[in-house]
Amino acid sequence: MIGAGDPAGELIGPRLMVALPAAFLLLFFVIPNAFLLTTSFLKSEDQVLTNQVTLQNFTYLLTKPIYLTSILRSFWISALTGMLVVLLAYPLAYYLARTANRWRGLLIGIALAPLLASVVVRTYGWWVILNRDGPISDLARAFALSRGPLVLLPSSLAIVVGLTHALLPYGVLTILSAINGINPSLERAAMSLGANRCRTFLTVTLPLSIHGIAGAFLLAFSLSVSAYATPAILGGPATATMATRIYDFLTSLDDWSLGAAMAAILIVTTMLILFVGSAVGARRASL
Amino acid sequence: MKPWHALCAVAAAVYLFIFAPIVVTASVSFNAGNLSRFPPVGFSLRWWREALDPRWLQPLTFSLELAAISAIIATLLGLLLAFGLVRHRFPGRDLVATLSLGPLALPALVTGIALLQILNMAGIDALYGFPALVIGHVVICLPFTVRTAAISLQAMPARVEQAAYSLGATPIEVLLRVTLPLIKSGVFAGTVFAFIQSFTDYSVSLFLTKPGASTISVTILGFLDYGFTPTLASVAVITLIVPLALIAIVQHYFRVGDFIYGSGRHG
C-alpha cells in the first residue's frame, strides 16, 4: 500500500467515502424535492391529495389574479433588489479593491459582517426605521413633508429595501472577487497611454468586471425570489409574494398541491436563473 | 483625485446603509419606553432583563446546539466527499460534484418544505423538532464544507503525503500528522461558515420546528406577528454577539480570514 496516495481512502475505502455523503443528499435532498415536484402535479380534493395527475394547480395559480399578482410581484421585487444590490455593492467593492487604506482587511470584514446576523434580526431593524412612528416618519413630519405619520409599511418598496440590505454582502463579495481578478497592469497600461482615472474605469475595469455584476444581480435575484422573512415582516396581505403564499398554502389553507405547485414555480425560476448565469458566464459568489 | 473622493463618499454612504438597522436595533434595546422607537426614549436595561428570560434563552441555546451539531456533521460528511471528489476518479463523479452544491442552488425554503412532506409521508413524526432540523441544516451546510475542504485539498501538494509514506508512515499517521494539519484552516473555515449558516437560518427551519423545539430566528419571526416589543431588539443583539465572538476566537487561532480574502487577489 506504500505510495498508494489518499490516506482517507486507505482507511475508509473510496467507495464508502463518496457513498455516505451522496446517500445523505439523495435521501434528504433529492428525493424530498422530487416528491414535492410530483405533488405539484397531483390533484387535491378537500385538502387531501389524490393520485390524479393534473396541470390544474399550475393553471389555477397562473390565471387567478391574486396569485398571478404575487408571482409577478416577487419577480419585480427581486429584479429591483438585484439592480440596487449591484448599484450599492459596486462602488463599495471597487473602493475596497483599490484603496490603500491600511485597515482594508477590517473594512472588508465589516462590509461582510451583516452576514453574521439572521435576516430576521436585520429586517426587524428596518421595521423600527420604517414604521409610522419611526425616525423617517418623524423626519418627514419635522420638515413638514407630510402632515400625519408617514406610512411606509407595509409596502413592496419596504420589502425591496430590506432585501437589498440583506443581500448586499453577497453582492460586495461577488463583485470584489471579480475586480480582484482583473490584472492591475491592464489599468496601469491604460493610464500610461493617457487615459484618466474615469476613462480607465469605464473602458477597462467596468467591462472586465461585467461577469461579477451579472453574478451579483442573479444571486440577489434568486435569493430574493424565495425570501420569506423580509416580505413577512415588512409586507402585509396586500404585498404577498411567492414565499408568503407558499407559507399560507401550507399552514392556514393546508393545501399541499397548491403549495407544492408554487414551490415548483420557485424551483424552476431559480434553475432558470442558474442556467442564465452559466450561459452569460456570471461569476458565482465564493461564500 | 476628485473622482476618488467621490467614491470614498459613496462607500461611506453604503456603510451607513449597512449599519443603520443594526445600530438602530442596538439602541432600541436600551430604550426605556414600551415601543420600539428610534431615537430611543430614555435609558433602561429592562428589555435586556426580559431577553434573558428562559423564553428566549431556551431557543437561543437550542439554536447554538443545533448549529454546533449540524456544523460538525456537515464538516465530517463534507471532508469525506471532498476526499472522494478530489482524490478519486469514479463514474458519476461530475454528478456527485454538482449534487454537493445542489442545496445552494435550490431555495432552502423549498428544501425545508420537501423534508417536512417526506417526514409526513413516512409517518415519522418523532423526527420533528431537533432531529429533522439537524438533517435540514446539514443539507444546507454541506455545500460550504465540501467546497472549502476540496479547495484546501487541491491546494495541498500530494508529494508531502508521498514523502511521508516513503518514510514508512501508515495511512492513519499520514492522515492525522500530514494531511489534516495541512488542510486544517480550510476545513475549519467550512465549519465556521456552516455554523453561521445554521445559526442564522430561518428558511429551512420554518417548517421543521415544533413548540419547545424552535430555533431563535423562527421564534423571533413567530413573535413578530404579535408586535414589535423592544425585547426583540435585545434578543437580536444577543444573536449578533454570538457569531461575532465565535469569529473572533476562530480568527485568533486559525486565521480563517486569510482563507476567505486571501485567494484571488493579484499582485
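Just so it is clear, the model here is predicted, and its values are computed rather than measured.

The subject of this paragraph is the overall build of chain A. Check the secondary structure of chain A and you find 14 helices and two strands. Here the C-alpha radius of gyration of chain A, 24 Å, is well above what a compact globule of 287 residues would show, namely 19 Å. Summarising its shape, the C-alpha atoms of chain A cover approximately 80 × 75 × 30 Å along the three principal directions. The buried share of chain A, taken over its 287 residues, is 48%. Put simply, 72% of the contacts in chain A that link residues at least 6 apart link residues at least 24 apart.

Within chain B, the secondary structure is distributed over 11 helices and zero strands. Starting at the N terminus and ending at the C terminus, chain B contains elements arranged as α-α-α-α-α-α-α-α-α-α-α. On the principal axes, the C-alpha backbone points of chain B span a range of 70 × 65 × 30 Å. Among the 267 residues that make up chain B, the fraction classed as buried is 48%. Long-range contacts, defined as pairs at least 24 residues apart, comprise 76% of the intrachain contacts of chain B with a sequence gap of at least 6.

We now examine unusual backbone geometry. Residues and elements named next belong to chain A. Of note, the amide linkage connecting Leu153 to Pro154 takes the cis form, showing an omega dihedral of -10°. Among the structural elements, Pro154 can be located in the loop between α7 (135–142) and α8 (156–180). Backbone geometry places Asp254, a non-glycine residue, at a positive phi of 50°. Here Asp254 lies in the loop between α13 (242–250) and α14 (256–279). Judged by the 12 C-beta atoms lying within 10 Å of it, Asp254 falls in the exposed class.

A few words now on the interface of chain B and chain A. The interface is formed by 79 residues belonging to chain B together with 71 residues belonging to chain A. Among the elements that line the side of chain B that touches chain A, the one with the most residues is helix α1 (residues 2–28) of chain B, at 14 residues.

A word on the pairing of strand β2 (residues 48–53) of chain A. Residue and element names in this part refer to chain A. Little of β2 sits inside the fold, with zero of its six residues counted as buried. Sheet topology places strand β1 (residues 42–45) next to β2; three bridges connect them, and they run antiparallel. Following the sheet pairing, Ser44 is matched in β2 by Leu49.

Attention now moves to the packing of helix α4 (residues 65–98) of chain A against α1(B). Running from N to C, α4(A) and α1(B) cross one another at 120°; their axes reach a closest spacing of 9 Å. In this view, α4(A) runs oblique relative to α1(B), as classed from their interaxial angle. When you trace α4(A) past α1(B), the crossing you get is left-handed. The segment α4(A) lies against α1(B), with Leu88(A), Pro91(A), Leu92(A), Tyr94(A) and Tyr95(A) engaging Leu7(B), Cys8(B), Val10(B), Ala11(B), Val14(B) and Phe17(B). Here the residues of the contact of α4(A) with α1(B) sort into 11 nonpolar, no polar and no charged.

All names here are of chain A. Grouped together as the largest cluster of nonpolar side chains are 160 residues, with contacts concentrated most on Ala89, Leu92, Ala93, Ile175, Met262 and Ala263. Among the elements that line this core, the one with the most residues is α8, at 15 residues. In this structure, Ala93 is in contact with Val172, Ile175, Leu176 and Ile179, ignoring residues within four places of it in sequence.

As a further point, take the environment of Val276(A). Residue placement: Val276(A) occurs in helix α14. Spatially, the C-alpha atoms of Val276(A) and Ala261(A) are 22 Å apart, while their sequence positions differ by 15 residues.

Spanning 25 residues, α8(A) covers 35 Å between terminal C-alpha atoms, matching the ideal 36 Å at 1.5 Å per step. Of all the bends in α8(A), the greatest reaches close to 45° and is centred on Leu167(A); the proline Pro169(A) follows between one and four positions later.

A few words on helix α4 (residues 93–105) of chain B. A rise of 1.5 Å per residue sets the reference length of α4(B), with its 13 residues, at 18 Å; its end C-alpha atoms lie 18 Å apart and thus fit the reference within 8%. Remark: the principal bend of α4(B), roughly 25°, maps to Leu99(B), with a proline, Pro103(B), within the next four residues. Inspection of α4(B) places Val96(B), Leu99(B), Ser100(B) and Pro103(B) among the buried residues, and these make up the whole buried set. Where α4(B) is buried, its residues meet α2 (14–39) of chain A together with α3 (54–87), α5 (108–122) and α6 (130–155) of chain B.

Turning our attention to the environment of Pro21(B). Residue and element names in this part refer to chain B. Mapped onto the elements of the fold, Pro21 is located in helix α1. The class of Pro21 is buried, set by 27 C-beta atoms lying within 10 Å. The spacing of Pro21 and Ser166 is 145 residues in sequence and 58 Å in space, taken between C-alpha atoms.

All right, on to the environment of Ile66(A) then. With respect to the helices and strands, Ile66(A) occurs in helix α4. A count of 10 C-beta atoms within 10 Å places Ile66(A) in the exposed class.

With that settled, consider the confidence of the model for chain B. Residues and elements named next belong to chain B. Here chain B shows a mean pLDDT of 86. Residues at 70 or above account for 94%. Across chain B, α3 holds the top mean pLDDT of 94, while helix α11 (residues 256–261) sits lowest at 53. This stretch, residues 261–267, has a pLDDT under 50; its non-local contacts, to residues over four places away or in other chains, come to 10 contacts. Interface scoring of the predicted complex returns ipTM 0.87; its pTM is 0.89.

Quick notes on the rules
- Residues numbered from 1 in each chain as written.
- Chains lettered and ligands numbered in written order.
- Predicted model: local features only at pLDDT ≥ 70, side-chain atom pairs only at ≥ 80, totals over all residues.
- Helix = DSSP H or I, 4+ residues; strand = E, 2+ residues; numbered from the N terminus.
- Rg over C-alpha atoms; globule rule 2.2 N^0.38 Å.
- Buried ≥ 20, exposed ≤ 12 C-beta atoms within 10 Å, placed from the backbone.
- Contact = placed C-beta atoms within 7 Å.
- Pairing = 2+ DSSP bridges.
- Axes fitted to C-alpha atoms, helices over the stretch in contact; angles between N-to-C directions.
- Parallel < 35°, antiparallel > 145°, perpendicular 65-115°, else oblique.
- Left-handed = near helix turned anticlockwise from the far one by under 90°.
- Nonpolar A, V, L, I, M, F, W, Y, C, P; charged D, E, K, R; others polar.
- Core = buried A, V, L, I, M, F, W, Y, C linked by C-beta atoms within 7 Å.
- Expected span 1.5 Å × (residues − 1).
- Bend = angle between axes of the 7 residues up to and from the residue.
- pLDDT = per-residue confidence, 0-100.

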